[in-house]
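Secondary and tertiary structure notes
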Amino acid sequence: MIQEQLNALFQRANHEEPEVIRSALFTLLSRPEFDQEYEYTGPLGPQYTAEATTFYLWAPTAMQVDLLLFEEWYQGEYDRVRLARGERGVYQTRVGGDLDGKAYVFDLVFPDGIRHYGTDPYARASTLDSERSVVVNPRETDVPGWQADQRPSLSDMTQTVIYEANVRDLTSSDASGVTHKGTFIGLTELGTVTAAGQPTGLDYLAHLGVTHIQLMPIFDYFTVKENLKDHNNYNWGYDPQNYNVPEGSLATDPMNPYSRIRELKRMIHAFHQAGLRVVMDVVYNHVYDTELHPLNLTVPGYYFRYTEQGAFTNGSGVGNDTASERAMMRRYIIDSLTLWANHYHIDGFRVDLMGIHDIETMNQARQALDRIDPTLLLYGEGWNLNTALPDSRKAAFYNANALPRIGFFNDNLRDAVRGSDWGDGRDVGFITGKWLMEQSVIHNFLGGEQLPSNVTTATSPWQLIQYVEAHDNWTLWDKIARSNGEEAPEKRERRQLLANAIIALTQGIPFFHQGQEFFDTKFGVRDSYRSGDTVNQVDWHRRDEHQQATTYFRDLLDFRRRTPLFHLPTYAAIRSAFHIHKADYQIIALEGQWASERYFVVFNGQDNAIDIPLPKGRWRVIAKDNRFLTEEEADWRTGEGNLHVEWLATMILKAE
Ligand code: CA
């Protein structure tokens, strides 16, 4: 029995060398029987009522836990309350009175003599810079209209189009026209415009025609000083601290624990009213610093993976990997996801480095979200990472058939279209002059059924998140400059418009990054996670300078939405609908028919115009030379002649 051995260790405390006890504790924690005896399914975190609050903390290896309940958010005086040890290693205490807004931390003592002051991993509110947890009355966090807030309808999952954005970047520049720059409520402002009178901020997002906005981290992260307004006090936020608390630097008053909660809800409500669903980027695979994180302060050595020598594994590349296969880490991830879905009405989750997590955890997460609303999205980065988990258990792209209804970023389409990012990033792809990429582009464009099983075992095109640009690495504009060197601006623009069209018309879920539609740049910075506002902010001047490119983007998404052929539900449908006419010499020509509608699409990757045979029939040109034709420009072609396609361009024709 683990329990007897743990009690024996508690007895040995203060009688033996701390290192000996620490080593014995670590051994006990790592045994599978530990979860059998200590997995706890009851309540965790502060359970608030107006009459009393009961605190629950799971800390089986602690010998003693005290609650320090502070008089004020930012003062030192506190009351100390001893918690009682209950079943399965949970400590609890009930404190009478209305504790709404009370700040607290736990003081834990372990048998190896270690003493930790830790915040509550289940806290839903925090003081400035994650220093203390705060009890909140859930009712007091509601904002006007919240009770009636509804997820925008999504008639059909195949209509999903994702746009990745960063709350701060969208409004941090002066050109955004937004008053509360770089904050949650900056994205509730309506009627904001550029110098040329074009919409910015929320209005801009709402007019694009995307269905989901994927927000880079909005949970509490560590390295941005929350009360310091400085363009260089910047970080993307992949440095998690309080997983269940919103980030304070995005609030107007981070000193007040309610500000960030209410303002995030206001923003989500505004998005929903604008018809946009909200996807949250979640980063459960690692924490910023294990020595500062509440998970490791409350149960040291439990929530992470270790090498046989006892060091943290580092598949995440940032110093530690959480252990989702452990019962209470798995529960933590699922509890956190459902908290955001239930209490913040989040509509989907993008799971950072999902390949660190195990298949069982992700499937249980999917089931938990299904119980809330089966239309909630769940997808992530299914890379195969070097962590202490067998390859067969990793939630990786090659295991997609074991993770139905969970999506994966498809870097194969990205690399085929514009080249990989490996090494110096000068690799090119279909849009940038590489030969023999046509088959690879087509296999991915048609949803990935033909991809080899060591790449993916997806059973549906809806498991593929199709993209050429995301927050990581260069923007597409910068990547093209890097791989192709000095080129005339028009040529670079045409390359990018060709890539945008491929993503807009692909099977699976199209994914775009903020500003990709108007050639946004990060000035060649590859990994701008802490490069400051000047590099990262969305440059709304460029949106004015490239009006036609944004119009083309909107027209592409509008066309996709109205045309079922370009968002088919199954591999069988795709197989029966598409016929490949040409896939060589940097030219891809496809014919597709669904119901009574027949289309011919050409992607010309050559940097000169081409002539190719047009199939039989009478065709109307829908788009050519990287723009859609207006009604007045009606342009008809008859089949069996040659079709002229402009250089680096997409052409779309519809059969009469
Ligand atoms: Ca923070």
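Residues numbered from 1 in each chain as written. Predicted model: local features only at pLDDT ≥ 70, side-chain atom pairs only at ≥ 80, totals over all residues. Heavy atoms only, no water.

Thoughts on the overall build of the protein
Using the following cut-off: Numbered from the N terminus, helices here are DSSP runs of H or I no shorter than four residues, and strands are runs of E no shorter than two. Both definitions apply: the radius of gyration is a C-alpha atom measure, and the globule rule equals 2.2 Å times residues to the power 0.38. Each residue's exposure class comes from its accessible area (1.4 Å probe, protein chains only) as a fraction of the maximum for that residue type: buried when under 20%, exposed when over 50%, partly exposed otherwise. Only four residue types enter the tally: Lys and Arg on the positive side, Asp and Glu on the negative side, with His and both chain ends excluded. A single reference atom marks each charge: NZ on Lys, CZ on Arg, CG on Asp, CD on Glu.
Looking only at helices and strands, the protein has 17 helices and 26 strands in total. Over its C-alpha atoms the protein spans a radius of gyration of 27 Å, differing by no more than 12% from the 26 Å that the globule rule assigns to 656 residues. Taking the principal axes of the C-alpha coordinates as reference, the protein spans close to 90 × 50 × 45 Å. For the protein, the residues scored as buried account for 61% of the 656 residues in total. Mean positive and mean negative side-chain charge positions of the protein (62 and 89 charges, respectively) differ by 3 Å.

Things to note about the packing of aromatic side chains
Any two aromatic rings considered together are summarised by their centre-to-centre distance and by the angle between their planes. For clarity, the threshold we go by: A pair of Phe, Tyr and Trp rings is counted when the ring centres sit within 6.5 Å of each other, with Trp represented by its six-membered ring. The angle between the planes then sorts it: under 30 degrees is stacked, over 60 is edge-to-face, the rest tilted.
As enumerated under the stated definition, the model contains 39 aromatic pairs in all. Centre to centre, the rings of W58 and Y302 are 5.0 Å apart; their planes meet at 70°, and the pair counts as edge-to-face. Of the two residues, W58 is situated in strand β2 (residues 52-58) and Y302 in the loop between α7 (294-298) and α8 (327-343); the sequence distance between them amounts to 244 residues. Of the two residues, W58 and Y302, neither departs from the other in class, the shared state being buried. Centre to centre, the rings of F559 and F566 are 5.4 Å apart; their planes meet at 50°, and the pair counts as tilted. Like F566, F559 is buried.

Describing the coordination of the calcium ion
For clarity, the cut-off: In this description, a donor is an N, O or S atom within 2.8 Å of the metal centre, a cutoff extended to 3.2 Å for sodium, potassium and calcium. Water is not part of the atom list, which can make sites seem incomplete.
Around the calcium ion, the protein contributes the donor atoms D220 (OD), Y221 (O), E226 (OE) and E247 (OE), at 2.2 to 2.3 Å from the metal centre. Donor residues binding the calcium ion come from one chain and are separated in sequence as D-Y-x4-E-x20-E. One end of the pair, E226, is in the loop between β11 (212-215) and α6 (257-273); the other, E247, is in the loop between β11 and α6, with 21 residues separating them in the sequence. There is no split in this pair, since E226 and E247 are both buried.

A word on the environment of A52
The line we're drawing: Working rule for contacts: check all heavy atoms of both residues, and any pair within 4.5 Å makes them a contact.
Locating A52 in the fold gives a position in strand β2. Those residues in contact with A52 that sit more than four places away from it in its chain are Q47, R94, V95, G96 and G97.

Considering α8
Where we set the bar: The span you would expect from a helix comes to 1.5 Å times its residue count less one.
An ideal rise of 1.5 Å per residue puts 24 Å on 17 residues; α8 measures up with 24 Å between its terminal C-alpha atoms. The buried fraction of α8 amounts to 14 of the 17 residues, a majority that puts the element mostly inside the structure. Where α8 ends, the next residue or the one after it, H345, has phi of about 60°, a positive value.

Topic: a negative patch on the surface
The condition that has to hold: Patches were defined on residues exceeding 30% relative accessible area and lacking a salt bridge, with like-charge contacts within 9 Å and nonpolar side-chain contacts (Val, Leu, Ile, Met, Phe, Trp, Tyr) within 5 Å. In short, Shrake-Rupley with a 1.4 Å probe defines the accessible areas, and a residue's cover is counted only from the protein chains shown. Counted as salt bridges are all cases of a side-chain nitrogen of Lys or Arg within 4 Å of a carboxyl oxygen of Asp or Glu.
A surface patch of like charges, here negative, comprises E71, E72, E77 and D79. The topology assignment puts E72 in the loop between β3 (64-70) and β4 (78-82). E72 sits in the partly exposed class, given a relative accessible area of 47%.

Some details on the sheet that holds strand β10 (residues 162-165)
Where strands meet in a sheet, backbone hydrogen bonds hold them as pairs that are either parallel or antiparallel. Heads up, the rule is: Strand pairing requires that DSSP identify at least two bridges connecting the strands. Fitted lines through C-alpha atoms give the axes, limited to the stretch in contact for helices. The angle between two N-to-C directions lies from 0 to 180 degrees.
Read once around its circumference, the closed barrel built from eight strands follows the order β10-β11-β12-β13-β14-β15-β16-β17, with strand pairing classed as parallel. Pairwise comparison of adjacent strand axes, ignoring direction, gives a mean angle of 30° for this sheet. The pairing of strand β16 (residues 464-466) with strand β17 (residues 509-513) spans two bridges and is parallel. For I465, the partnering residue across the bridge sits in β17 and is I509.

Considerations on the environment of E247
To keep it simple, the criterion reads: What qualifies as a polar contact is a pair of N or O atoms within 3.5 Å, subject to a donor-acceptor requirement within protein and to the restriction that residues adjacent in sequence count only when both atoms come from side chains.
When its relative accessible area of 0% is taken as the criterion, E247 is described as buried. Measuring from C-alpha to C-alpha, the distance between E247 and I261 comes to 8.9 Å, with 14 residues separating the pair along the chain. Beyond its immediate sequence surroundings of up to four residues, E247 is in contact with F184, I218, F219, D220, Y221, V224, E226 and R260. Polar side-chain contacts of E247 include one of 3.0 Å to the backbone nitrogen of Y221. Polar contacts involving the side chain of E247 include one to the side chain of S249, which spans 2.7 Å.

Quick notes on the nonpolar core
The line we're drawing: We define the nonpolar core as a collection of buried residues of types Ala, Val, Leu, Ile, Met, Phe, Trp, Tyr and Cys that are connected through side-chain atoms lying within 4.5 Å of one another.
Grouped together as the largest cluster of nonpolar side chains are 151 residues, with contacts concentrated most on W58, F349 and F603. Counting residues per element, this core draws most heavily on α8, which supplies nine residues. If sequence neighbours within four positions are ignored, F349 has contacts with V279, M280, V282, L337, W340, A341, L369, L377, L378 and Y379. If you look at the next biggest cluster of nonpolar residues, it comprises 18 residues, including L83, V95, L99 and A123.

Comments concerning the sheet that holds strand β5 (residues 84-85)
Pairing within the open sheet is antiparallel, and its four strands lie in the order β1-β2-β6-β5. Two strands in the sheet have a free side with no partner beyond their single neighbour: β1 (47-48) and β5.

A short note on helix α11 (residues 438-445)
Helical periodicity: at 3.6 residues per turn, an α-helix aligns residues three or four positions apart in one direction. Here is the rule we go by: Note that the arc is computed from the directions linking the helix axis to the C-beta atoms.
Among the residues of α11, those classed as buried are E438, V441, I442, N444 and F445. All buried residues of α11 fall inside an arc of 170° around its axis, so they share one side. Two residues or fewer after α11 comes G447, characterised by a positive phi angle close to 95°.

Some remarks on the side chain of H286
Among the secondary structure elements, H286 is positioned in the loop between β12 (277-282) and α7. A distance of 2.8 Å separates polar atoms of two side chains, one belonging to H286 and the other to N285. If near-sequence neighbours (up to four positions away) are discounted, H286 is found in contact with Y238, P240, Y243, S316, V318, N320, T322 and D352.

Here's the deal with unusual backbone geometry
If you check the backbone angles, S130 has positive phi at about 65° while not being a glycine. By the secondary structure assignment, S130 is in the loop between β8 (115-118) and β9 (133-134). Even without being glycine, Y585 reaches a positive phi, approximately 50°. With respect to the helices and strands, the residue Y585 is situated in the loop between β18 (578-584) and β19 (587-594).

Comments concerning the packing of helix α12 (residues 476-484) against helix α13 (residues 489-505)
Applied cut-off: Angle categories: roughly parallel below 35 degrees, roughly antiparallel above 145, roughly perpendicular from 65 to 115, and oblique for all the rest. Each helix crossing is assigned a hand: it is left-handed if the near helix lies turned anticlockwise from the far helix by less than a right angle, otherwise right-handed if that turn is clockwise. Three classes are used, and their members are as follows: Ala, Val, Leu, Ile, Met, Phe, Trp, Tyr, Cys and Pro are nonpolar, Asp, Glu, Lys and Arg are charged, and the others, Gly among them, are polar.
Axis separation between α12 and α13 bottoms out at 10 Å; the angle between their running directions is 125°. Taken as axis vectors, α12 and α13 run oblique relative to one another. Relative to α13, α12 is oriented so that their crossing is right-handed. Taking contact as the criterion, the partners of L476, W477, I480, A481 and N484 in α12 are, on α13, P489, R492, E493, R495, Q496, A499 and N500. Tallied by class, residues from the contact of α12 with α13 come to six nonpolar, three polar and three charged.

Comments concerning the pattern of salt bridges
All told, the structure shown has 43 salt bridges when counted by the stated rule. With a closest N to O distance of 2.8 Å, K394 and D391 form a salt bridge. D391 gets classed as partly exposed once you look at its relative accessible area, which sits at 41%. For the salt bridge of D421 with R418, the shortest nitrogen-to-oxygen distance reads 3.1 Å. A relative accessible area of 2% places R418 in the buried class. If you follow the salt bridges from partner to partner, you end up with D66, R80, R82, D107 and R115 in one network.

Quick notes on the packing of α8 against helix α9 (residues 359-372)
A pair of packed helices is characterised by two quantities: the angle between their axes and the separation of those axes. Across the interface, α8 lies against α9 with an axial gap of 10 Å and an inter-helix angle of 25°. In terms of orientation, α8 lies roughly parallel with respect to α9. At the point where α8 passes α9, the crossing takes the right-handed sense. Counted together, R330, I333, I334, L337, T338, A341 and N342 of α8 and E360, T361, Q364, A365, A368, L369 and I372 of α9 form the full contact between these two elements. Taken together, the residues of the contact of α8 with α9 sort by class into eight nonpolar, four polar and two charged.

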